[in-house]
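Architecture at a glance
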Amino acid sequence: MRKLRRLLRPLKDPRADNTRHDLAEILIIALAATLAGAKTCTEFEFFGRGREELLRGFLELRHGIPSHDTFSTVFRALDPKGLEAVLRKFSKGFGIKGVVSIDGKALRGAFTRGRRAMPLHMVNVWAAGTRMALAQSKAPNRNEVAGVLKVLALLDLDGALVTADALHCRPDTAQAIRKRKGHYVLAIKSNRGRLFKAAKALIDTARKPTRASQRRTSAHGRTERRQAIVTPAPQLAEQFGFPAIAAVGRIDSWRANTGKAAKHTARYFLASRPLPAKKLLEVVRAHWGIENNLHWVLDVLFDEDACRSRKGHAAENLAAIRKLAINTLQATPGPVRTSHKMLEARWNNDFLLRALTHMR
């Protein structure tokens, strides 16, 4: 557990000097409780009291288990930059080569009374290769673009291929990715005006583009077939002032539900390095890991949208604790499914201790 304490040591305690409970111990209990499925500060206290004997094996707990009010006070007051730095440091140890996906997510329960339509908005960064959350950042004034620029400035993207939806197909976002030594594959739609029309025309008139098809897949009563086309487009960068465009691509998909005709969809992409068409299919597919393996897990397994913590910095800090829990479970050998690992952590003390030792 020394590595875990060392990871948390730089955090600055926002409370008075005469506080009874150690900050690192409060956070370790909260993380351990989250691994076992606890979702609120009250549940953190219940977990601590139920596992007090186990916790005393590696925590001092001079004044016993903190109350739910203590947990709540700490998470409201703690500077979220501290826990976000812990998240980045932990995930960096596993490497971030390959596809890195960026997307926004609303914490739908984190709204003040009368402002249900304006909950806290977070920007999340996901490493598809390691299946870990790399970073998070609050979107200032719910401005996701500003949140993405903010979080990109904190990351080392050397060797990574960053993906994002059409909202972030912007020169400043592309420049920020390249500045951090990463490459990008950004979705582009008609809202980019002349740039979109030029990219579409290049693909439509390409003489020797690379092409690839994905084998037809069927699941849940739905059948899908996808194919990609990629062509070089270095001239677009200078023509439209968009940094480092090297290629444009299109993915055509045909999706049919049982008993219905197939529906065709065409999606376009800008890339900062030449990609084979097969690679574009893989990269775009990998991007959706942030929805399926992070956002879905946060909402279904950790009930993030139902969490009503909203005062001070509580929502941001609890979001970071959940992502630390996801990363910890991913790094811990055991059952394949995250939900099964959470059950192991709830019922098996040895597994819980083993998971906590993977925090480094």
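Up top is the structure.
Owing to the predicted nature of the structure, the values given are computational and were not obtained by experimental measurement. Position numbers for residues count from 1 along each chain, tracking the sequence in the order it is written. Per-residue local features are limited, in this predicted model, to residues with pLDDT of at least 70; the limit for side-chain atom pairs, both in listing and counting, is 80 or more; totals at the level of whole chains, interfaces and linings are taken over all residues. Side-chain measures here rest on the full set of heavy atoms in the structure, leaving out hydrogens and waters.

**Some thoughts on the overall build of the chain**
- Secondary structure elements are defined from DSSP: runs of H or I of at least 4 residues count as helices, runs of E of at least 2 residues count as strands, and each element is numbered from the N terminus. Broken down by element type, the chain carries 15 helices and nine strands.
- Throughout, radius of gyration means the C-alpha value; the globule benchmark is 2.2 Å times the number of residues raised to the power 0.38. For 360 residues, the compact-globule formula gives about 21 Å, and the C-alpha radius of gyration of the chain, at 23 Å, lands near that figure.
- Seen through its principal axes, the chain has C-alpha atoms that stretch 75 × 45 × 40 Å.
- Within the chain, buried positions represent 51% of all 360 residues.
- Residue contacts are defined here by distance: any two heavy atoms, one from each residue, within 4.5 Å place the two residues in contact. Nonlocal contacts in the chain, meaning residues at least 24 apart in sequence, comprise 63% of its contacts between residues at least 6 apart.
- With residues, only the protein chains shown are counted as cover, and all accessible areas are computed by Shrake-Rupley using a 1.4 Å probe. Counting every atom, the chain has about 17,800 Å² of accessible surface; 49% of that belongs to carbon and sulfur. Partly exposed describes any residue whose relative accessible area lies between the buried limit of under 20% and the exposed limit of over 50%, with all areas from a 1.4 Å probe on protein chains only and scaled to the type maximum.

**What to know about unusual backbone geometry**
- Located in the positive-phi region is R131, a residue other than glycine, with phi close to 55°.
- Take R131: its relative accessible area is 39%, and that puts it in the partly exposed class.
- Non-glycine residue D303 carries a positive phi angle of around 55°.
- By secondary structure assignment, the location of D303 is in the loop between α12 (289-300) and α13 (314-331).

**Topic: the side chain of T163**
- In this structure, T163 sits in strand β4 (residues 160-164).
- Counted as a polar contact is a pair of N or O atoms within 3.5 Å, where, for protein atoms, one must be capable of donating a hydrogen and the other of accepting one, and residues adjacent in sequence contribute only when both atoms are in side chains. For T163, the side chain forms a polar contact with the side chain of S101, separated by 3.2 Å.
- When sequence neighbours within four positions are dropped, the list of residues in contact with T163 reads V99, V100, S101, I102, V185, V283 and H287.

**Some words on the packing of helix α14 (residues 338-347) against helix α15 (residues 349-357)**
- Angles here are taken between N-to-C directions and fall from 0 to 180 degrees, while the axes themselves are lines fitted to C-alpha atoms, restricted in helices to the stretch in contact. At a minimum axis distance of 5 Å, the contact between α14 and α15 shows a crossing angle of 115°. As far as their axial angle goes, α15 and α14 are roughly perpendicular. For α14 against α15, the interelement crossing comes out left-handed. On α15, the residues that touch K341, E344, A345 and W347 of α14 are N349, F351 and L352.
- Residues of the contact of α14 with α15, tallied by class, amount to four nonpolar, one polar and two charged. Oblique is the label for any angle not under 35 degrees, not over 145, and not in the 65 to 115 range, which are roughly parallel, roughly antiparallel and roughly perpendicular in turn. Two helices cross in a left-handed way if the nearer one is turned anticlockwise from the farther one by less than a right angle. They cross in a right-handed way if the turn is clockwise. Three classes are used, and their members are as follows: Ala, Val, Leu, Ile, Met, Phe, Trp, Tyr, Cys and Pro are nonpolar, Asp, Glu, Lys and Arg are charged, and the others, Gly among them, are polar.

**A look at the environment of A38**
- Within the element layout of this structure, A38 appears in the loop between α2 (23-35) and α3 (41-50).
- Of the residues examined, A38 reaches a relative accessible area of 11% and is grouped as buried.
- Separated by 37 residues in sequence, A38 and M1 place their C-alpha atoms 21 Å apart.
- Leave out the neighbours within four places in its chain, and A38 touches A33, E43 and F44.

**What about the side chain of N124?**
- You can see N124 is positioned in strand β2 (residues 120-127).
- Assessed through its relative accessible area of 1%, N124 is described here as buried.
- Within the structure, the side chain of N124 is placed 3.2 Å from the side chain of K323, a separation counted as a polar contact.
- N124 has contacts with S101, I102, D103, K105, A135, Q136, I290, L294, H295, L298 and K323, leaving out every residue within four places of it along the chain.

**Some remarks on the pairing of β4**
- The buried fraction of β4 is high, at five of five residues.
- Where strand β1 (residues 98-107) meets β4, four bridges bridge the pair, whose relative direction is parallel. If you follow G98 over to β4, its bridge partner there is A160.
- Strand direction decides the pairing type here: β4 and strand β5 (residues 183-188), joined by four bridges, are parallel. Two strands make a pair as long as DSSP finds a minimum of two bridges between them.

**Structural notes on the packing of α2 against α3**
- For the pair α2 and α3, the least separation of the axes is 9 Å and the interaxial angle reads 95°. One element, α2, and the other, α3, form an angle in the roughly perpendicular class. Between α2 and α3, the contacting residues are I29, A30, A32, A33 and T34 on the first element and F44, F47 and G48 on the second.
- For the contact of α2 with α3, the class distribution of residues is six nonpolar, two polar and no charged.

**Remarks on the packing of aromatic side chains**
- A pair of Phe, Tyr and Trp rings is counted when the ring centres sit within 6.5 Å of each other, with Trp represented by its six-membered ring. The angle between the planes then sorts it: under 30 degrees is stacked, over 60 is edge-to-face, the rest tilted. One pass over the full model with this rule turns up five aromatic pairs.
- Ring geometry for F44 against F71: centres 5.6 Å apart, planes inclined by 70°, an arrangement best described as edge-to-face. Of this pair, F44 sits in helix α3 while F71 sits in helix α5 (residues 68-77), and the two are 27 residues apart along the sequence.
- Pairwise contacts between aromatic rings join F44, F71 and F75 into one cluster.
- Between the NZ or CZ atom of R225 and the centre of the ring of W254, over which it lies, the distance is 4.2 Å.
- Sitting over a ring, as applied to charges here, requires NZ of Lys or CZ of Arg to be within 6 Å of the ring centre and within 35 degrees of the ring normal. For the cation-ring pair, R308 lies above F111, with the distance from its terminal atom to the ring centre recorded as 4.2 Å.

**Remarks on the nonpolar core**
- Only buried Ala, Val, Leu, Ile, Met, Phe, Trp, Tyr and Cys residues count toward a nonpolar core, and they belong to the same one when joined by side-chain atoms within 4.5 Å. F44, F75 and L83 are the most contacted members of the largest nonpolar core, which has 58 residues in total.
- It is α2 that contributes the most residues to this core, 11 residues altogether.
- A135, V162, L202 and L270 belong to the second-largest nonpolar core, a separate cluster that totals 40 residues.

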